[in-house]
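Observations on the model geometry
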Amino acid sequence: MAEPTGPYGSWPSPLDAALAASHDGRPEYVGTVGPEVWWTEPRPAEGGRRALVRRPADGGPPDCVLPPPWNVRSRVTEYGGRPWAGVQRPAGGPLLVFVHFADQRLYAYEPDAPAGPPPRPLTPLSAVGGGLRWADPVLRDGEVWCVLEEFTGPAPTDVRRVAAAVPLDGSAAADRSRVRELTDDRHRFTTGPRVSPDGRRAARLVWDHPRMPWDGTEVEVSGIAPDGTLTGARTVLGGPAESVAQVEWAADGSLFAVSDRSGWWNPYRVDPDTGDAVNLCPREEEFGGPLWKPGLSWLAPLSDGLVAVLHGQGSCVLGVLDPESGDLVDAAGPWTAWQPALAASGTRVYGVAASPRSAYEVVELDTEDGHARVVGAAGADPVDPAYYPEPQSRTFLGPGGRETHAHVYPPHHPGRRAPADELPPYVIWAHGGPTDHVPPVLDLHIAYFTSRGIGVAEVNYGGSSGYGRAYRERLREQWGVVDVEDCAAVARALAAEGTADPDRLAIRGASAGGWTAAASLAATDLYACAALIYPVLDLQGFARETHDLESRYVDGLAGPPQTLPVRCRERSPLARADRITAPFLLLQGLDDPVCPPAQAERFLAAMRGRAVPHAYLAFEGEGHGFRRADTMVRALEAELSLYAQVFGIERTDVPRLRLEA
């Protein structure tokens, strides 16, 4: 029997917005506590909280360490960082320290204590969203060593960061002076200290404005005195033009680091006294990535001297490296992309991995027998996998023959086909960052559209990580040019080859991707519409209003402060609003400290009276990145309604988005 025929975009799908929202997010911050593996994972249906989950040593089902409303998530630099640490005590069970999102205090908790006492605070209560914040903790000698972020004034840049030691006895909960500051604040940014196995040294990463961590960082090694103070700090690796993404001690006292001094993030063994560094696996591959948050991990030393590493181009796979011979053996399994969340216990490695057929899950690799298995957040298919799209990883040529990498997801439905003479609509997805990248893995938000007959192309435009430093630096002072051109090159190529309908192309993006989408509407008439999700819309406003971490980001992306007014007039969607004629949907979190709603409001004011159909949806309680299920449902359905109206598609299964001129 022939499959039913229906126009692209009109197909029915069992994958609705609520289902996609319920599976949004992924596990993060994997670690081991004694024989157990612990991690954080999202709970969209529970107000978007991050739950801390543990898998029992006997292999039983994972369970939550903390019930609602405990939300294990840090706000350091607004993007957060590793929010927990735990240790198995010789007697008394595990001891956990964690950051609770609501008040940003550091807490201690004994989950197996017989009386079940609640978590007890270790740090003072401060103003919500300001005051004191903590991240990247480690437990050492009755203290928690971590990053302390302290706001000193009302502006987003009125902030200092140091490595600090918080007493575990709770004495600092009401007395800020009980927190020992281990370092001064001469460096603008820092990761938490990594303590050597003999307890005599500490290593951390530091960097300063106007650099971002993928531009240049330094490894600072200090001695640890008997009284727990840090002494003799010195830089042993890195600099203004060398990005070190991670530093880690091995059990034998070796110091490992991931540096891009060769043009690619590769693993090095570093002499902590002389700074001499040996590349352990020189390849034109990335063994690291952008350090958006303290506590990310691409490398994990094992107890037998081997090192677990993530490596690849575009997306990373898990391998085991022999640092003496340079031999690298990849783990077997279906996973094609791994997140920087490696942890090791003995000869076992834990991480977070996905594939085009499976969402992110927690995976254990036994390096002795090579066996890998899922141990947590196992993906259960919410619908028949026949509805999942099959990505095609491709390289397109842009202006001047410039290569651009993208993943193309054609429309796909097991029981529907389109008329032979019809081409499908396509949406170009520009990722955030912009110093980031997207791997080809299962994303139900993409499947939501492809299963209805709308194609998606995710573009790793110039400036994306995953392809070496030279590819990242294509965007230097070219934000709003190279990214716009690369996305357009992919869209035009898909149309020219007969893959996409040239009259039904759209572009969407969130954060920096929202900038690219909005800038594309102002720079070209290629797209019929756009979805702009908590976007950057104004270069000068972004530099003035955003959080401290990215307050100097535009120096590298658009140029130094003295050139910013000119670049803003040339590229900012706000300044070029008079050039925008295509309909758009603007989605904004009202509690967003990264792209504040004031930018969206100025942009809408600039569009007022211009007869351009558009819709603006603002969400209370949402920040930079939607986390609540009801928000994601509304956003997805609104986006689909936009495409349906603009592309001339009949759909009655989502509320009609009201577009106002």
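Relevant structure appears above.
Presented here is a report on the structure given in the accompanying data block.

Before going further, it helps to examine the nonpolar core. With 104 residues, the main nonpolar core has Ile-428, Trp-479, Leu-494, Tyr-527 and Phe-584 as its most contacted residues. Excluding anything up to four places from it in sequence, Trp-479 contacts Pro-434, Ala-512, Trp-515, Thr-516, Val-536, Leu-539, Val-554, Leu-557 and Arg-571.

Attention shifts here to the pattern of salt bridges. In the structure shown here, the tally under the stated rule is 56 salt bridges. The closest approach of N and O atoms between Glu-545 and Arg-544, which form a salt bridge, is 3.7 Å. Here Glu-545 falls in the buried class, since its relative accessible area comes to 19%. For Arg-544, a relative accessible area of 54% gives the class exposed.

To continue, consider the packing of aromatic side chains. Enumeration according to the criterion identifies 20 aromatic pairs in this entry. Their ring planes at 50° and their centres at 4.5 Å tell us that Trp-214 and Trp-292 sit as a pair that is tilted. On the criterion of sequence distance, the pair formed by Trp-214 in the loop between strand E15 (201–207) and strand E16 (218–224) and Trp-292 in the loop between strand E21 (277–279) and strand E22 (299–301) is long-range, its members being 78 residues apart. On the basis of relative accessible area, Trp-214 is assigned to the buried category, the value being 4%. A residue is classified by how much of its surface remains accessible, and Trp-292, at 13% relative accessible area, is buried.

When the terminal C-alpha atoms of helix H5 (residues 512–523) are compared, their 16 Å separation across 12 residues agrees well with the 16 Å that a helix rising 1.5 Å per residue should span. Within H5, 11 of the 12 residues are buried, which leaves the element mostly enclosed by the surrounding structure. Of all the positions in H5, only Ala-512, Gly-513, Gly-514, Trp-515, Thr-516, Ala-517, Ala-518, Ala-519, Ser-520, Leu-521 and Ala-522 are classed as buried.

Before going further, it helps to spend a moment on the sheet that holds strand E11 (residues 159–167). Strand order across the open sheet formed by 4 strands is E9-E10-E11-E12, with antiparallel pairing between neighbours. Each of the sheet's edge strands pairs with one partner strand only, and the pair in question is strand E9 (132–140) and strand E12 (180–181). Pairing between E11 and E12: 2 bridges, direction antiparallel. What sits directly across from Ala-165, in E12, is Arg-180.

As a further point, take the pairing of strand E17 (residues 230–238). Across 6 bridges, the pairing between E16 and E17 is antiparallel. Looking across to E17, one finds that Val-221 is bridged to Arg-234. Linkage of E16 to E17, two consecutive antiparallel strands, is achieved through a turn of 5 residues, within which Gly-228 is found at a positive phi near 85°.

Scoring rules and cut-offs
- Residues numbered from 1 in each chain as written.
- Predicted model: local features only at pLDDT ≥ 70, side-chain atom pairs only at ≥ 80, totals over all residues.
- Heavy atoms only, no water.
- Core = buried A, V, L, I, M, F, W, Y, C linked by side-chain atoms within 4.5 Å.
- Buried < 20%, exposed > 50% of the residue type's maximum accessible area, 1.4 Å probe, protein only.
- Contact = heavy atoms within 4.5 Å.
- Salt bridge = Lys/Arg side-chain N within 4 Å of Asp/Glu carboxyl O.
- Phe/Tyr/Trp six-rings, centres within 6.5 Å; stacked < 30°, edge-to-face > 60°.
- Helix = DSSP H or I, 4+ residues; strand = E, 2+ residues; numbered from the N terminus.
- Expected span 1.5 Å × (residues − 1).
- Pairing = 2+ DSSP bridges.

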